[in-house]
Amino acid sequence: MTDLSELFKLFDPTLGTIDGLEPIERRLVDLHTMFSDKQAVTAALQAENHLIYSVTAVQPDEGDGALHYGIGCIMPGRIGDEYHMTKGHLHSRRAAAEVYIGLQGEGLMLLEDERTGSSRTLPLQPHSVLYVPGATAHRTINIGASPLTYLGIYPADAGHDYGAIAERNFRQAVICRNGEAVVVERSDYLRQLERNTATGS
Ligand code: F6R
Ligand code: ZN
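Attention in this report is confined to the structure presented alongside it.

Cut-offs applied
Residues numbered from 1 in each chain as written. Chains lettered and ligands numbered in written order. Predicted model: local features only at pLDDT ≥ 70, side-chain atom pairs only at ≥ 80, totals over all residues. Pairing = 2+ DSSP bridges. Helix = DSSP H or I, 4+ residues; strand = E, 2+ residues; numbered from the N terminus. Near = placed C-beta within 6 Å. Expected span 1.5 Å × (residues − 1). Buried ≥ 20, exposed ≤ 12 C-beta atoms within 10 Å, placed from the backbone. Core = buried A, V, L, I, M, F, W, Y, C linked by C-beta atoms within 7 Å. Contact = placed C-beta atoms within 7 Å. Axes fitted to C-alpha atoms, helices over the stretch in contact; angles between N-to-C directions.

All right, on to the pairing of strand 17 (residues 180–185) then. Of the pairings in the sheet, the one linking strand 16 (residues 172–177) to strand 17 comprises 6 bridges and is antiparallel in character. Bridge pairing links Ile175 to Val182 in strand 17. Counted between consecutive antiparallel strands, the loop separating strand 16 from strand 17 contains 2 residues, among which Asn178 sits at a positive phi close to 55°.

Pasting the structure below:
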């Protein structure tokens, strides 16, 4: 029988924490390879290996039909023009879907279908519920000026596969252009960064 303390938790939607549980912190050094602007990564790391996001996971039960959930909190900010984001992953059990619930702040979720390579971007904000289908790489991005917090609920046996994304990254990137968040092809963004370096702009 699952322990009573596992059945009930209090969470703070502003801080993105769950009472009594220690968050896992992801700092710039943990995902520096994911951001495209390498000069901006180096400059930011020289200043501080700052916190990008934290996740607190709850695993109340295991086995067939059981659920796990977690609360995420992404700090506002950018590395170069690219907004703070999570590493992103596929579920090891590819069929496992997930539900995200926006709690605070202004965000986006980038979904990339592993089978077709097609991408979709959905808004993640308070009062929104997002369904992430199976076999879909998912990354959360904070495009606002305050911390972005959300809950994610997924099958206990979903597992997290970070390998594929660590190797090839998402095909699209979310960057700031003229003060607006825009979704661009990462390859185009990388070419633009190269041109900027070549022309010293
Ligand atoms: C769980 C899930 C979220 C993420 C969280 C951090 O399946 O999707 O709880 O774990 O948004 O992102 P990652 O795991 O990509 O570092
Ligand atoms: Zn997930």
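Here the narrative resumes, following the displayed structure.
Here we come to the site of ligand 1. Near ligand 1 you find 14 residues, and of these Gly70, Gly72, Thr86, Lys87 and Gly152 are the closest. Among the elements of the structure, strand 5 (67–74), strand 13 (136–142) and strand 14 (148–155) are those that each provide at least two residues to the shell around ligand 1.

Under the 1.5 Å per step criterion, the end-to-end length of helix 4 (residues 186–199) is 20 Å for 14 residues, consistent within 8% with the ideal 20 Å. For helix 4, the buried fraction is low: 1 of the 14 residues fall into the buried class. The positive-phi residue at the C-terminal boundary of helix 4 is Gly200, with phi of around 70°.

The nonpolar side chains of soluble globular proteins are, as a tendency, buried together. In terms of nonpolar packing, the biggest core is built from 28 residues, with Leu108, Met109, Leu110, Ile141 and Val174 touching the most fellow members. It is strand 10 (residues 107–113) that contributes the most residues to this core, 4 residues altogether. Once you skip the residues sitting within four places of it in the chain, Leu110 turns out to touch Ser119, Thr121, Arg139, Ile141, Phe170, Gln172 and Val174.

On to the sheet that holds strand 12 (residues 129–132), then. One open sheet accounts for 6 strands, arranged 3-4-5-14-9-12; its pairing is antiparallel. Single-partner strands in this sheet number two, and they are strand 3 (24–27) and strand 12. Averaged over all pairs of adjacent strands, the angle between strand axes in this sheet comes to 20°, irrespective of strand direction. Here strand 5 runs beside strand 14; their pairing, made up of 8 bridges, is antiparallel. Bridging across to strand 14, Gly72 finds its partner in Tyr150.

Turning our attention to the sheet that holds strand 13. Pairing in this open sheet of 3 strands is antiparallel, and the strands run 11-10-13 from one edge to the other. On the outer flanks of this sheet lie strand 11 (119–124) and strand 13, each paired with one strand and no other. The mean angle between the axes of side-by-side strands here comes to 20°, regardless of whether they run parallel or antiparallel. Relative to strand 11, strand 10 runs antiparallel, the two sharing 6 bridges. Bridge pairing in strand 11 links Leu110 to Thr121.

Position of Met109 among the secondary structure elements: in strand 10. Through-space distance from the C-alpha of Met109 to that of Thr86 is 9.8 Å; in sequence the pair is 23 residues apart.

Phi is positive for Ala135, which is not a glycine, with a value near 55°. Position of Ala135 relative to the elements: it lies in the loop between strand 12 and strand 13. Overall, Ala135 belongs to the partly exposed group, with 16 C-beta atoms counted inside 10 Å. Not every positive phi belongs to a glycine, and Asn178 is a case in point at roughly 55°.

Tracing the sequence through the fold places Arg139 in strand 13. According to the C-beta neighbour criterion, Arg139 is buried, with 21 such atoms within 10 Å. Sequence separation between Arg139 and Thr86 is 53 residues; the distance between their C-alpha atoms is 5.6 Å. What Arg139 contacts, discounting residues up to four positions off in sequence, is Met85, Thr86, Gly88, Leu110 and Phe170.

The values reported here are purely geometric and, on their own, carry no functional implication.
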